[in-house]
Amino acid sequence: MNPNIETAFALAKQQYAALGVDVDQALATLATIPVSMHCWQGDDVGGFEAEAGNLTGGIQATGNYPGKARNATELRRDLDLAMSLIPGAKRLNLHAIYLESEVPVARDQIEPKHFANWVNWAKAKGIGLDFNPSCFSHPLSADGMTLAHPDPEIRRFWIDHCKASRRVSASFGQALGTPSVMNIWIPDGMKDLPADRLGPRQRLMAALDEVLAEPLDEAHHIDAVESKLFGIGAESYTVGSNEFYLGYASSRDIALCLDAGHFHPTEVISDKISAASLFVRHLLLHVSRPVRWDSDHVVLLDDETQAIANEIVRNDLLALVHVGLDFFDASINRIAAWVIGTRNMKKALLRALIEPIALLRQAEQQGDYATRLALMEETRSLPWQAVWDYACAQEGVPVGTDWLAVVKGYETEVLSARR
């Protein structure tokens, strides 16, 4: 290890120790917190169905940067590189459209065998897999309704797709020894004002109840539902609102997914974590960066990302919260997007772990809000970067921006050959 990194780390440890922070313990904890990276950043949410459709349901990947993965083998190779540049525990989040089959498979007919290569890859890497039914970009989702569709035959197709997806998810958990979190998100809504807001929600509730009817071992599979405020084609009404899913998740004892881009621009999910944690046993987070709307930009180490991490750590919710990412930027090198976003989430978690929480709580309990504010502000300029650099070096992961040269070399040697 570079002696300058070791020296800086030793000095940083002293500063944090003076505030009652055990940096070594924080690093040990950080190494165990998995962040679930999303496969769809690598190919712009295209998937590998034989007849892939255009993105629909409020989903858009903008940009045409060269080198996107064209098949699962290329996607796994890209993920291998990205994961090698990120310290700590990691998982991979798959969508149903990333199946592998020599013949076309209808979404309501997917089986674990169609994801066998992903399981073998994950097993070799020692990581877990998460899963999602893909209720978009399909002829039967073209009118903006799936599980809440008024046509019972179309609704049946999507119910059966979600049922099949649960069985796939459970097979992941059983094979890999870590539960797969399967998140249900649907684009259902209306572009203009509906006359009936209740009916679609009644259909959605009944459909979800049928999807979840088969009991599955939580040691292998965890169900989650994800709300949204609005989307393209659903600007006026979204069936699966936050109020609907908070009520549904708490009443059915399943996980609630909070996506950073799925709320009003003045709302933040960091403020919702503690409240929701009182009513559900599992929280799934999709950490993203909305710009004016749910545009899913690459995660920054900004105030909201840090606030999300702080809420998890301050409230001792690491066992309850599953941290996942959700962005897709096709305007820059896709591997770089993965690395930047995931490293930023890891940095935020580290900064939360080395915050002088005990001192902050003491000041707050004593009504000494000046000390609380002063400590919060001083921690911003403490040498957390020295601790992060040490964590990277300790795992043999590039320090600083050294990873960028690796990605650039891969772009020249591998990505540039893709057409």
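So, how was this worked out
Residues numbered from 1 in each chain as written. Predicted model: local features only at pLDDT ≥ 70, side-chain atom pairs only at ≥ 80, totals over all residues. Heavy atoms only, no water. Helix = DSSP H or I, 4+ residues; strand = E, 2+ residues; numbered from the N terminus. Rg over C-alpha atoms; globule rule 2.2 N^0.38 Å. Contact = heavy atoms within 4.5 Å. Areas by Shrake-Rupley, 256 points an atom, 1.4 Å probe, with all protein chains shown as cover. Lys, Arg positive; Asp, Glu negative; His and termini not counted. Charge placed at Lys NZ, Arg CZ, Asp CG, Glu CD. Buried < 20%, exposed > 50% of the residue type's maximum accessible area, 1.4 Å probe, protein only. Arc of directions from axis to C-beta. Phe/Tyr/Trp six-rings, centres within 6.5 Å; stacked < 30°, edge-to-face > 60°. Pairing = 2+ DSSP bridges. Right-handed = clockwise from strand over helix to strand, strands pointing away. Axes fitted to C-alpha atoms, helices over the stretch in contact; angles between N-to-C directions. Left-handed = near helix turned anticlockwise from the far one by under 90°. Nonpolar A, V, L, I, M, F, W, Y, C, P; charged D, E, K, R; others polar. Salt bridge = Lys/Arg side-chain N within 4 Å of Asp/Glu carboxyl O.

J.: Which parts of the structure should I look at to understand the overall build of the protein chain?
T.: Along the protein chain, the regular secondary structure elements total 14 helices and 12 strands. Radius of gyration (C-alpha) of the protein chain: 22 Å, near the 22 Å computed for a compact globule of 419 residues. Based on the C-alpha atoms only, the size of the protein chain along its principal axes is roughly 65 × 55 × 40 Å. A sequence separation of at least 24 residues applies to 81% of the contacts in the protein chain between residues at least 6 apart. Per element, the accessible surface of the protein chain, about 17,900 Å² overall, is 52% carbon and sulfur. For the protein chain, the separation between the mean place of its 38 positive charges and that of its 54 negative charges on side chains is 2 Å.

J.: Honestly, the side chain of asparagine 344 in this entry has me stumped. Any pointers?
T.: Among the secondary structure elements, asparagine 344 is positioned in helix α10 (residues 334-353). Relative accessible area serves as the criterion here: at 9%, asparagine 344 is assigned to the buried category. Leaving out residues up to four positions away in the same chain, asparagine 344 has contacts with Val299, Leu300, Leu301 and Thr305.

J.: Which parts of the structure should I look at to understand helix α7 (residues 242-252)?
T.: For an α-helix the count is 3.6 residues per turn, leaving residues at separations of three or four pointing the same way. Listed as buried for α7 are Asn242, Phe244, Tyr245, Tyr248 and Ala249. The arc enclosing the buried residues of α7, seen along the axis, measures out at 155°, which places them on a common side. Where α7 is buried, its residues touch α6 (198-211), β6 (221-226) and β8 (255-259).

J.: Honestly, the packing of aromatic side chains in this entry has me stumped. Any pointers?
T.: Applying the stated rule across the entire model yields 10 aromatic pairs. Centre to centre, the rings of phenylalanine 115 and phenylalanine 131 are 5.2 Å apart; their planes meet at 80°, and the pair counts as edge-to-face. Taken together, the residues span a long stretch of sequence, with phenylalanine 115 in the loop between β2 (90-95) and α4 (116-125) and phenylalanine 131 in strand β3 (residues 128-132) at a distance of 16 residues. Each member of the pair, phenylalanine 115 together with phenylalanine 131, is buried. Ring plane angle 55° and centroid distance 6.3 Å describe the contact between phenylalanine 136 and tryptophan 185, whose orientation is recorded as tilted. Placement of phenylalanine 136 in the loop between β3 and α5 (152-176) and of tryptophan 185 in the loop between β4 (180-184) and β5 (189-190) is noted, with a sequence separation of 49 residues between them. Each of the two residues, phenylalanine 136 as well as tryptophan 185, counts as buried.

J.: What is the right way to look at the pairing of β2 in this model?
T.: On a regular strand, each side chain points to the face opposite its neighbour's, so the side chains alternate between the two faces of the sheet. Counting buried residues in β2 gives 6 out of 6 residues, a clear majority hidden from the surface. A two-sided burial pattern is seen for β2, the buried positions comprising Lys90, Leu92 and Leu94 on one face and Arg91, Asn93 and His95 on the other. Sheet topology note: the strand β1 (residues 35-38)/β2 ladder contains 4 bridges and is parallel. Bridge pairing in β2 places methionine 37 opposite leucine 92. As defined by bridge partners, β2 adjoins β3 across 5 bridges and the pair is classed as parallel. Within the sheet, the bridge partner assigned to asparagine 93 lies in β3 and is aspartate 130. In this fold, β2 hands off to α4, which returns the chain to β3; that crossover is right-handed.

J.: I'm lost on the packing of helix α2 (residues 23-30) against α10 in this one. Help?
T.: Between α2 and α10, the least distance of the axes is 9 Å, while the angle of their chain directions is 145°. Of the two elements, α2 crosses α10, and the hand of that crossing is right-handed. In this structure, α2 contributes Ala26, Leu27, Thr29 and Leu30 to the contact, and α10 contributes Lys346, Leu349, Leu350 and Leu353. Partitioned by chemical class, the residues of the contact of α2 with α10 number 6 nonpolar, 1 polar and 1 charged.

J.: For this particular structure, what's the right way to read the pattern of salt bridges?
T.: As a working rule, side chains carrying opposite charge can pair if their charged atoms are close by. Tallied over the full model, the rule gives 23 salt bridges. For arginine 167, the salt bridge is made with glutamate 214, and the minimal N-O distance between the two is 3.3 Å. Taken together, the residues arginine 167 in helix α5 and glutamate 214 in the loop between α6 and β6 connect sequence positions 47 residues apart. Between arginine 281 and glutamate 218 there is a salt bridge, with its nearest N and O atoms 2.9 Å apart. With arginine 281 in the loop between α8 (270-277) and β9 (283-287) and glutamate 218 in the loop between α6 and β6, this residue pair connects regions lying 63 residues apart in the sequence. By relative accessible area, which is 40% here, arginine 281 ends up partly exposed. Using a relative accessible area of 34% as the deciding quantity, one classes glutamate 218 as partly exposed.

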